[in-house]
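# Per-entry structural report
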Amino acid sequence: MKKGQLLYEGKAKKIFASEIPGQVIVEYKDSLTAFNSQKKGSFPEKGRINREITTLLFQKLERAGIATHWLKDIGTNDMLVRSVKIIPFEVVVRNRVAGSLAAKLKIEEGKVLTHPVVEFYYKDDALGDPFVSKEQIVALQMEKLNTLQILEARALQINSILLGLFFQVGLDLVDFKVEFGRDRENEILLADEITPDCCRLWDLQTAEKMDKDRFRRDLGKVAESYQEVLRRLQSIDQGAKL
Ligand code: UDP
């Protein structure tokens, strides 16, 4: 499929028009950024690995009843997706304390939460994607309560599916971020990506971090960890040993 006009370039992906109305091409880049783009890096094959991880997880989620924008893979780094208007809130689900929550409350990373917590962050690079409460979003008329409740329920459903999937391959899903969009029929679809860029994954045996924290915190073996996450996920279908 021929790539049309570049519609949008983000930190880790480019979006191109496709030949089909209502469908666009997502190209996964090899770049890696953290701290609102203040830290930049890349590694070869990163785009392919993240494209493969997203495809694999989106297909599993679809089979479990979660509607996603994914349609098909069309190349090493590229996938065809339904064009959606992104709802401008990052939806974070946490199972354990880590990252910004640990820093904000000065709590050691790893503390298990009694139940998964869903948080919304307003997508605005200039503001640094600030946390916003559901009440603030509704009172500011940025989104309807009913939509936020759908996003919350969907995010929790995704969490329980992913928790099980990652557990099968020896990984603990600590937290993650997802994004949703509306298609032309106004249906809410899971969009964007699910990769080690936007999840915290800890090895269940060694507690080693297998995600973007390796890059954020200069822990080394970034590429190896992303590759290992993909290898383990692929092993589910191949029935292979870890
Ligand atoms: N996350 C993300 N994009 C963001 C902010 C967070 O993908 O812009 C992910 C992050 O990788 C982690 C989860 O959301 O898996 C929770 O992140 P947190 O709020 O702890 O922020 P961080 O300190 O990681 O920026």
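Details of the structure are given in the entry above.
Described in the following lines is the structure provided in the data block.

About the cut-offs
Residues numbered from 1 in each chain as written. Predicted model: local features only at pLDDT ≥ 70, side-chain atom pairs only at ≥ 80, totals over all residues. Heavy atoms only, no water. Phe/Tyr/Trp six-rings, centres within 6.5 Å; stacked < 30°, edge-to-face > 60°. Helix = DSSP H or I, 4+ residues; strand = E, 2+ residues; numbered from the N terminus. Buried < 20%, exposed > 50% of the residue type's maximum accessible area, 1.4 Å probe, protein only. Pairing = 2+ DSSP bridges. Axes fitted to C-alpha atoms, helices over the stretch in contact; angles between N-to-C directions. Contact = heavy atoms within 4.5 Å. Near = heavy atom within 4 Å. Polar contact = N/O pair within 3.5 Å; in protein donor to acceptor, adjacent residues only side chain to side chain. Areas by Shrake-Rupley, 256 points an atom, 1.4 Å probe, with all protein chains shown as cover. Nonpolar A, V, L, I, M, F, W, Y, C, P; charged D, E, K, R; others polar. Left-handed = near helix turned anticlockwise from the far one by under 90°.

### Considering the packing of aromatic side chains
Counted according to the given criterion, the structure contains three aromatic pairs. When the ring of Phe43 is compared with that of Tyr226, the centres are 5.4 Å apart and the planes differ by 75 degrees; the resulting orientation is edge-to-face. With Phe43 in the loop between strand E5 (39-42) and helix H1 (46-63) and Tyr226 in helix H6 (residues 222-238), the pair connects residues that are 183 residues apart, well separated along the chain. Using a relative accessible area of 8% as the deciding quantity, one classes Phe43 as buried. A residue is classified by how much of its surface remains accessible, and Tyr226, at 0% relative accessible area, is buried.

### A look at the sheet that holds strand E3 (residues 23-28)
With antiparallel pairing, the five strands of this open sheet are ordered in space as E1-E2-E3-E7-E6. Each having just a single partner strand, strand E1 (6-9) and strand E6 (70-73) make up the two edges of the open sheet. Neighbour-to-neighbour, the strand axes of this sheet turn through a mean angle of 25 degrees, independent of strand direction. Bridge count between E3 and strand E7 (residues 78-82): five bridges; the pairing is antiparallel. For Val24, the partnering residue across the bridge sits in E7 and is Val81. Packed on one face of the sheet, H1 meets E3, E6 and E7 and runs near 130 degrees to E6.

### Quick word on the site of the ligand
By nearness alone, 16 residues border the ligand, and Arg94, Ser100, Asp175, Arg200 and Arg216 come closest of all. Glu90 places a polar side-chain atom, nitrogen or oxygen, 3.1 Å from an oxygen atom of the ligand. Considering the ligand on its own, with 500 Å² of exposed area, one finds that the protein chains cover 78% of that surface. Among the secondary structure elements, those contributing two or more residues to the shell around the ligand are strand E9 (89-96), helix H2 (99-105), strand E12 (171-182) and strand E14 (199-203). Classifying every residue of the shell around the ligand gives six nonpolar, two polar and eight charged.

### Here we look at the packing of H1 against H6
Two elements in contact, H1 and H6, have axes separated by 10 Å at closest approach and are oriented at 35 degrees. Here H1 and H6 pass one another in a crossing that is left-handed. Note on element contacts: H6 touches H1 through Tyr226, Gln227, Val229, Leu230, Leu233, Gln234, Ile236 and Asp237, opposite Lys46, Arg48, Ile49, Asn50, Glu52, Ile53, Leu56, Leu57 and Lys60.

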